[in-house]
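# Per-entry structural report
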Amino acid sequence: MEDRSQHLIEWIEFQLLMNADKIVIYVYSITSETRKALEFYSETKKVEIIDLSLPGYSPNTPFIRHNYIARNRQQKRRSELIPYNDCFNRFSQSHDYVLIVDSDEFVVPLKHDNWPDMLESLKNPTFSSSSSSLAIRNVFKLETFDHTSKSPLKMLKHNFRSKMVQDKGISEKSFINTKTIATVFNHFALHRLFGNVTRTQHIDPNLAIKLHYKSRCPEELGLHCKEIVENPIRDESLDRFALKLEENVAKVLLSIRN
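Residue indices begin from 1 for each chain and proceed along its sequence in written order. This being a predicted model, a pLDDT of at least 70 is required before a residue's local features are given, and a value of 80 or more before pairs of side-chain atoms are given or counted; all residues contribute to the totals for chains, interfaces and linings. The side-chain values count all of the structure's non-hydrogen atoms but skip hydrogen atoms and water molecules.

One finds Phe14, Met155, Phe175 and Leu238 to be the most contacted residues of the largest nonpolar core, which totals 44 residues. Setting aside anything within four residues of it in sequence, one finds Leu238 in contact with Phe14, Val108, Lys141, Met155, Leu156, Leu211 and Tyr213. Buried residues of nine kinds, namely Ala, Val, Leu, Ile, Met, Phe, Trp, Tyr and Cys, make up a nonpolar core once their side-chain atoms join them within 4.5 Å. For every residue, the accessible area obtained with a 1.4 Å probe (protein chains only) is divided by the maximum for its type, and the residue is called buried under 20%, exposed over 50%, and partly exposed between those limits. Between two residues, a contact is recorded if the distance between any of their heavy atoms is within 4.5 Å.

Below, the structure is given as structure tokens:
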């Protein structure tokens, strides 16, 4: 319903900087400006855009669909099982992991330069190759926190985050193991391929965190919001990537505008 082109450019450039091998973006309806940005990336073959509609007798006129999704959260989540599992199945034979993230989420390695190096570092005596998924803990970056950065990128302007790291199992996002899992949901694996597949491994938040950009604390977190919004701390997790991100985003914006 609004132009999100620069936001998506920043998000895509971060995924590519993390060495994502392929990005698939599912689209209901977007503005022409946003479509132009995504089509620029689709030409690179690193990004694939898949137009999506609601299944069955659900409405698919854009404005009516937008309101329908907003009013029917549980049905929204059921419908999302289709693109989640479509994406997982596209890569289940060719890749070791699939990461399902929203466009306001950034999984940031804190000790490594990219995701493959981080995942490789986890292969130690305590690592289980039969695990279902590797979950990254969540922290919030809210609009209400101070924005003291001078960066031209929105994702870098928000340089404070919640001090509180959410508990295991709450708002995590997972690198899902394609060798052990049959079906997936937004945050975690659903069905296992074998009986001996172990539960989700929760990654130490000193090794990686998921930055979740929101205008305000989500209502469904209830009383936890008080703890989330209190005493935000300076977020330095993106600092070492900032210069490269700014350069890459600037190049893309220049190419699109020309």
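On to the sheet that holds strand E4 (residues 105-109). The strands making up a sheet associate through hydrogen bonds between their backbones, and the pairing can be parallel or antiparallel. Any two strands with at least two DSSP bridges between them are considered paired. Numbered from the N terminus, helices here are DSSP runs of H or I no shorter than four residues, and strands are runs of E no shorter than two. Read from one edge of the open sheet, three strands run E4-E12-E6, paired in mixed fashion. Each edge of the open sheet is held by one strand with a lone partner, namely E4 and strand E6 (138-142). Ignoring strand direction, the axes of neighbouring strands in this sheet form an average angle of 30 degrees. Axis lines are fitted to C-alpha atoms, over the contacting stretch for helices. Their N-to-C directions set the angle, which ranges from 0 to 180 degrees.

All right, on to the packing of aromatic side chains then. Pairing of aromatic rings covers Phe, Tyr and Trp, the last counted by its six-membered ring, and requires centre-to-centre distances within 6.5 Å; plane angles under 30 degrees mean stacked, over 60 mean edge-to-face, and any other angle means tilted. One pass over the full model with this rule turns up seven aromatic pairs. Centre to centre, the rings of Phe14 and Phe106 are 5.4 Å apart; their planes meet at 70 degrees, and the pair counts as edge-to-face. With Phe14 in helix H1 (residues 5-17) and Phe106 in strand E4, this residue pair connects regions lying 92 residues apart in the sequence. Each member of the pair, Phe14 together with Phe106, is buried. Seen from their ring centres, Tyr97 and Phe175 are 6.5 Å apart, and the 85 degrees between their planes marks the pair as edge-to-face. With Tyr97 in strand E3 (residues 97-99) and Phe175 in strand E8 (residues 173-177), the pair connects residues that are 78 residues apart, well separated along the chain. Taken together, the ring pairs in this structure connect Phe14, Phe106 and Tyr213 into an aromatic cluster.

Of all the five residues making up E6, five are buried; the element is thus mostly covered by neighbouring parts of the structure. Neither face of E6 is left uncovered, since the one carrying Asn138, Phe140 and Leu142 and the one carrying Val139 and Lys141 both have all their residues buried. Strand direction decides the pairing type here: E6 and strand E12 (residues 208-214), joined by five bridges, are parallel. For Lys141, the partnering residue across the bridge sits in E12 and is Tyr213.

The α-helix winds at 3.6 residues per turn, so residues separated by three or four positions along the chain end up facing the same way. Between its first and last C-alpha atoms helix H8 (residues 242-257) spans 22 Å; for 16 residues at 1.5 Å apiece the expected length is 22 Å, and the two agree. Tucked into the core, H8 has its buried residues touching H1, helix H2 (32-42) and helix H6 (154-157). To estimate the expected span of a helix, subtract one from its residue number and multiply by 1.5 Å.

Moving on: H1. Taking 1.5 Å of rise per residue, 13 residues should cover 18 Å, and H1 covers 18 Å from first to last C-alpha, within 8% of that figure. Of all 13 residues that make up H1, 10 are buried, and the element is covered over most of its length. Positive phi shows up at Asn19, right after H1, with a value of about 70 degrees.

Among all residues except glycine, the phi angle is most often negative; among peptide bonds, the trans geometry is most common. You will see that Asn19, though not glycine, has its phi angle at about 70 degrees, which is positive. As for its placement among the helices and strands, Asn19 is situated in the loop between H1 and strand E1 (23-27). What makes Asn19 partly exposed here is its relative accessible area of 45%. Despite not being glycine, Ser171 has its phi angle at roughly 60 degrees, a positive value. As for its placement among the helices and strands, Ser171 is situated in the loop between strand E7 (160-161) and E8.

Let us look at a nonpolar patch on the surface. On the surface, Met1, Phe63 and Ile64 cluster together into a nonpolar patch covering about 350 Å² of accessible area. Tracing the sequence through the fold places Phe63 in helix H3 (residues 62-71). Overall, the relative accessible area of 52% leaves Phe63 in the exposed class. Grouping into patches uses exposed residues only, defined as over 30% relative accessible area, and leaves out salt-bridged ones; the cut-off is 9 Å for like charges and 5 Å for nonpolar side chains (Val, Leu, Ile, Met, Phe, Trp, Tyr). To measure how exposed things are, a 1.4 Å probe is used in the Shrake-Rupley method; for residues, cover is taken only from the protein chains shown. Whenever a carboxyl oxygen of Asp or Glu lies within 4 Å of a side-chain nitrogen of Lys or Arg, that contact is scored as a salt bridge.

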